[in-house]
Amino acid sequence: MHARTVLAGACAGLLTLTLAACGGSGSSTSDATSTPAASTASASASAPALTLVDGWAKSTDSMPAGSMSMTGVFGTLTNATDKDIQVTGGMSPAGSMVETHETVKNASGTMQMQKDLDGFTVPAGGTFVLAPGANHLMVMGLTQELKVGSEVTLTLDTDSGPVEVTASVRAFPGAQESYVPTPSPSQ
Amino acid sequence: MTATTTGGPARRGLLASAAGAAGAFALAGWSASDGSPRGAPPRPQDADPATSVRPFRGEHQGGIADRPQTYAAFAALDLRPDVDRDAVRRLFTVLTDDIERLMTGAAPVTDQEPELAAVTAGLTVTVGVGPALVARAGATVPAWLAPLPAFSIDRIEERWSGGDLLLQLCAESPTTLAHAQRRLLTAIEPLCTLRWVQRGFREPFEGEHHPMRNLMGQVDGTVQPEVAGRDAGLLWCGDEGPAWLVGGSALVLRRIRMTLDTWDRVDRLSRENAIGRRLDTGAPVTAPAGATATAIADLNAKDSLGFHVIDDGAHLRRAHAMAPHERFLRRPYSYDDAPTEGSLSDSGLLFAAFMADPVRQFVPVQQRLADKDLLNLWTTPVGSAVFAILPGARDGELLGERLFA
Ligand code: HEM
């Protein structure tokens, strides 16, 4: 199910919104260094291990009032290491947590998104595409507006430690798939 | 036009008028960033016009001094009331990224139709700002950045006038244009409301044998300042104005309706008299037979009865610069929209002209035309707008970034 992997380079973009694995630079957040595996995510200081290329998030300006509880984050996760990287979720200053989501067909045949409990595997030296209507990240429990043209930061949980990425906040009328909070046991 | 293919400075049309001080004019040979003068063989990168790309980064924006593409759309927007300085900066963040992607064929990050963006077709998107946007960014508004004075010939309609933000989109494909316009308008929709869109076109087969002709059939855009050389100061804003505008320009956009129903009644001789140029070649009526459009007009020539050969009310005479600074770069497009009820056409000219200072350079000419111009019998300005055209975004810079300096 972790399909949709394309070769790195095929989606080279202009705006590489990126960010080094936290463990690599000794910068940023304190909890980064507390994760023993953090340093392994970092191939070298110049080539961040996991980046989000062309990352963007749907702005809350485009959402109907009152429905502003979460938002999708898209782009191309790019793994510069020779080891698969598993992304299982994360944190963001903009919300309560970050989840990995997939879009599936439900019993009535409509497409719904739901939490992907396994997370995403970004293959060694490869990419993992996050797109509306497909696999994506979700910032849950938004605590602030995400205004078009601003940036949102996410700290992703990976099996090689936390990785900070940023996404450009954009107006987007799509990504309104109905949401299934937890897959019911019967499905 | 072949003006710049002869090498060296373009040939100049120096009118033999009393006001010869107006000096030299280059005859339209577009050069600048896409490199090719009109009619010149395409450069290798233009081998497939579908994927030809014009530079986004640089000292100046594209869509000004470069050869006009065949299709254009001018979209004016107004900032929403709650847009403050920070929101203006966010606006330029989105515009810069999306325009750069569209111009290079990469498609904006939110684009679900990237196949349409891949056909760049020489797309340029040129961003201009009105006084309200400059004020909200907290920057100095140049004195000329205001509506033009009302002229006696004007029948200006609000729906074609004014605006806080301008996007001029030009491309060789109308599909490319429609896609880029739609993507940009949706991208900034939380910050702006759409005020008007005006669409235009030029001659798709424009070249040596097919000059740009407006819908009255006249060769249009012949006499131009030499903006790639000695007249660059007429086009680009310099140190005399606000620092954020250095390398920028000003756009005057006049929507001028042509009353083709009455024009149809006019014979060709009278039509040539109205302009002072021949219809077939675009040459001045004073030029010898066989002359081309680039021939020099003789404003002093008289006929056997002592009348000026170029009529005292001819558009050429009235529009001709009476002082060297009364010149600007014309980059016009025709429009031909759906006729309103009871008429057979809604046609005219999107008179787009770029210059460093509209009040100084454009207003005296427009005033002369309002006072007297045979063309006024068949043309009526129905829309009017003035925008400050931002300087180009240098590497790593946002469009409009210097507004926040
Ligand atoms: C529908 C309206 C108009 C039409 C059909 C029109 C048409 C033409 C034509 C056929 C020429 C001669 C060829 C050339 O040099 O391009 C010309 C020249 C010119 N026009 Fe217009 N024009 C219009 C409006 C205007 C306006 C509003 C202005 C400025 C206020 C203007 C300024 C000029 C100038 C500066 C020239 C060059 C004069 C010279 O020979 O020195 N035109 N126009």
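Everything numeric here is computed off the predicted structure, so don't read it as measured data.

> For the overall build of chain A, give the residues involved together with the corresponding values.
Across its full length, chain A carries two helices and 11 strands. Beginning at the N terminus, the succession of helices and strands in chain A can be written as α-α-β-β-β-β-β-β-β-β-β-β-β. When the 187 residues of chain A are sorted by exposure, 47% land in the buried category. Sequence separation of at least 24 residues holds for 73% of the intrachain contacts in chain A that already meet a minimum separation of 6. Of the roughly 8100 Å² of accessible surface on chain A, 56% is carried by carbon and sulfur atoms.

> Can you lay out the site of the ligand for me, pointing to particular residues and giving the numbers?
Residue and element names in this part refer to chain B. Near the ligand you find 25 residues, and of these Gly-221, Thr-222, His-315, His-320 and Arg-330 are the closest. Contacts to the ligand include Thr-222, whose backbone N or O atom sits 2.8 Å from an oxygen atom. Interatomic distance of 2.9 Å between a side-chain N/O atom of Arg-330 and an oxygen atom of the ligand. Elements represented by at least two residues in the shell around the ligand include exactly strand S7 (249-258), helix H8 (315-319), strand S10 (346-355) and helix H10 (363-371). Of all the elements, H8 adds the most residues to the shell around the ligand, at three residues.

> Go over the coordination of the iron atom of the ligand with me, naming the residues and quoting the values.
From the protein, the iron atom of the ligand takes a single donor atom, B:His315 (NE2), 2.0 Å away. The topology assignment puts B:His315 in helix H8.

> Tell me about the pattern of salt bridges, and name the residues and values.
Inspection of every chain in the model, using the stated rule, returns 27 salt bridges over all chains. A salt bridge links B:Arg195 to B:Glu158; the nearest nitrogen and oxygen atoms lie 3.1 Å apart. Of this pair, B:Arg195 sits in strand S5 (residues 192-201) while B:Glu158 sits in the loop between helix H3 (131-136) and strand S4 (165-171), and the two are 37 residues apart along the sequence. Residue classification places B:Arg195 among the partly exposed positions, given a relative accessible area of 31%. Taking the relative accessible area as the measure of exposure, B:Glu158 reaches 58% and is therefore exposed. One salt bridge in this structure joins B:Arg255 and B:Asp337, with 3.0 Å as the shortest N-O distance. With B:Arg255 in strand S7 and B:Asp337 in strand S9 (residues 333-337), this pair connects stretches of sequence that are 82 residues apart. The class of B:Asp337 is partly exposed, set by a relative accessible area of 28%. Among the ionic contacts, a cluster of salt bridges with common partners joins A:Asp54, A:Arg170, B:Asp97, B:Asp98 and B:Arg101.

Reading the values: rules and limits
- Residues numbered from 1 in each chain as written.
- Chains lettered and ligands numbered in written order.
- Predicted model: local features only at pLDDT ≥ 70, side-chain atom pairs only at ≥ 80, totals over all residues.
- Heavy atoms only, no water.
- Helix = DSSP H or I, 4+ residues; strand = E, 2+ residues; numbered from the N terminus.
- Buried < 20%, exposed > 50% of the residue type's maximum accessible area, 1.4 Å probe, protein only.
- Contact = heavy atoms within 4.5 Å.
- Areas by Shrake-Rupley, 256 points an atom, 1.4 Å probe, with all protein chains shown as cover.
- Near = heavy atom within 4 Å.
- Polar contact = N/O pair within 3.5 Å; in protein donor to acceptor, adjacent residues only side chain to side chain.
- Donors = N, O, S within 2.8 Å, 3.2 Å for Na, K, Ca; no water.
- Salt bridge = Lys/Arg side-chain N within 4 Å of Asp/Glu carboxyl O.

On their own, these measurements won't tell you what the molecule is for.
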